[in-house]
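Now for the letters of each chain:
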Amino acid sequence: MDSDLGGWRPMDRNRTMDKMPSAVPVAIAGDAMQLIGETPLVRLDRLAREVRLEAEILIKLEYLNPFGSLKDRVARRMVDALEAAGRAAPERTVLVEATTGSLGISLAHVAARRGYRLVLTMPDLPSLAPAVKLLGHLGARVEMTPAVEGIRGSIIRAREIVRAVPGAVMTDQFANPFNPAAHESTACEIWRDCAGAIDCLIIGIGSGGTLTGCARFLKRHRPELQVIGVEPSTCAVVAGEAPARHGIIGLGPGFVPEVLDLSLIDEIVKVPDTLAVEVARLAVRLENIAGGLSTGANLAAALTIAARPEMQGRRIVTLAPSSAERYGASTLFDPIDETDLGRRT
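Residues numbered from 1 in each chain as written. Predicted model: local features only at pLDDT ≥ 70, side-chain atom pairs only at ≥ 80, totals over all residues. Heavy atoms only, no water.

Thoughts on the nonpolar core
Part 1 of the reasoning: One finds Ile 57, Leu 118, Ile 202, Val 271, Leu 299, Ile 305 and Ile 316 to be the most contacted residues of the largest nonpolar core, which totals 64 residues.
Part 2 of the reasoning: Element by element, the count of residues in this core is highest for helix α11 (residues 293-306), at nine residues.
Part 3 of the reasoning: Each residue touching Leu 299, except ones within four places of it in the same chain, is listed here: Leu 44, Leu 47, Ile 57, Ile 59, Val 279, Ala 283 and Thr 318.
Part 4 of the reasoning: Ranked by size, the runner-up nonpolar core spans 21 residues in total, among them Leu 70, Ile 198, Ile 205 and Val 227. (Core = buried A, V, L, I, M, F, W, Y, C linked by side-chain atoms within 4.5 Å. Buried < 20%, exposed > 50% of the residue type's maximum accessible area, 1.4 Å probe, protein only. Helix = DSSP H or I, 4+ residues; strand = E, 2+ residues; numbered from the N terminus. Contact = heavy atoms within 4.5 Å.)

Comments concerning α11
Part 1 of the reasoning: With 14 residues, α11 should reach 20 Å at 1.5 Å per residue; the first-to-last C-alpha distance of 20 Å fits that figure.
Part 2 of the reasoning: Among the 14 residues of α11, 13 are classified as buried, and the element is accordingly described as predominantly covered. (Expected span 1.5 Å × (residues − 1).)

Let's talk about the sheet that holds strand β6 (residues 168-170)
Part 1 of the reasoning: Pairing is parallel in the open sheet, where four strands are placed in the order β5-β4-β3-β6. The sheet terminates laterally at β5 (141-145) and β6, the two strands that pair on one side only. Strand-to-strand twist in this sheet, taken as the mean axis angle between neighbours without regard to direction, amounts to 25 degrees.
Part 2 of the reasoning: Where strand β4 (residues 117-123) lies against β5, five bridges are found, and the strand directions are parallel. Bridge pairing in β5 places Met 122 opposite Met 144.
Part 3 of the reasoning: Contacting β3 (94-98) and β4, helix α4 (residues 102-114) runs over the sheet at an angle of about 170 degrees to β4. (Pairing = 2+ DSSP bridges. Axes fitted to C-alpha atoms, helices over the stretch in contact; angles between N-to-C directions.)

What about the sheet that holds strand β1 (residues 41-43)?
Part 1 of the reasoning: Spatial strand order, β1-β2-β10-β7-β8-β9: six strands in an open sheet with mixed pairing. Looking along the sheet, the strands with just one partner apiece sit at the ends: β1 and β9 (267-271). Averaged over all pairs of adjacent strands, the angle between their axes in this sheet comes to 25 degrees, without regard to strand direction.
Part 2 of the reasoning: Sheet topology note: the strand β7 (residues 200-204)/strand β8 (residues 226-232) ladder contains five bridges and is parallel. Pairing of Leu 201 across the sheet is with Val 227, part of β8.
Part 3 of the reasoning: In the packing of α11 onto the sheet, contacts are made with β2 (56-61), β7, β8, β9 and β10 (315-320), and the angle to β10 comes to roughly 170 degrees.

Functional significance is not addressed by these values, which are geometric in nature.
Shown next, in the form of structure tokens:
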């Protein structure tokens, strides 16, 4: 029998346990929220070689937060702040927010853990259907708003709910200063893990909190740091263009968010939807980085900046805000052209 199994034998559990060291420390979290943060940085060597770049690109895997995105940091911080100010308590407060998915999911986890009722408003887009299902599973109430109104329509409806429902409080990610404050920890981790050696920071602009929080901290320590904001090419409002619909979920709300500090931005890079998809697919094939559409947009911008001659030997840091699994109904999972796949593999 042993020869048929290639020498495999059942494990003797008693003998194995006897050999295990008794003094190995084991970290056991009290709850999943204690695991938010401390996400890793990964060097993208294969991607850089594929496009013949001399710059170094690092990506921080924020989708490894326990609830699947960098919004975990924001959701916890905003609710903590409301509680500390005496504005929220589970027995009397209904939390309300407008979202395109990730913040809503993070808030739903926090609300479930702490016993809050949660109402979310979202644009009625087919690409958001998986998020809506997950939010229902987590116990949140979801109200869809007309797709043509975008996230603006969802914000308006969220404010109407706050006015109409006793005890309702809007976390208000686009205006809440604790959104960027949550990302001081993100920036601190980047600074520590890079030992201060960072030349360029590239971040997509959605609510504006990630860019503002990270850039504010890092520029305080390294004033010469170049900060690049990323917008969808058809909705580059910060770049001064008119808003329009696009497919990069999580970026390009169609207005300049209140929490976004424009003085921190040195340049805007505009990324087409199709390029965000293509680079997200390239990243998973070459680097096992299974990021979503905003990850693809961030990396497309990083590749654009890295190709400049003056970036030779410089270090670029960007983020993978959420994972590809969250975008199952988006163009990210449309069938891949076999001729294109053959050309790139």
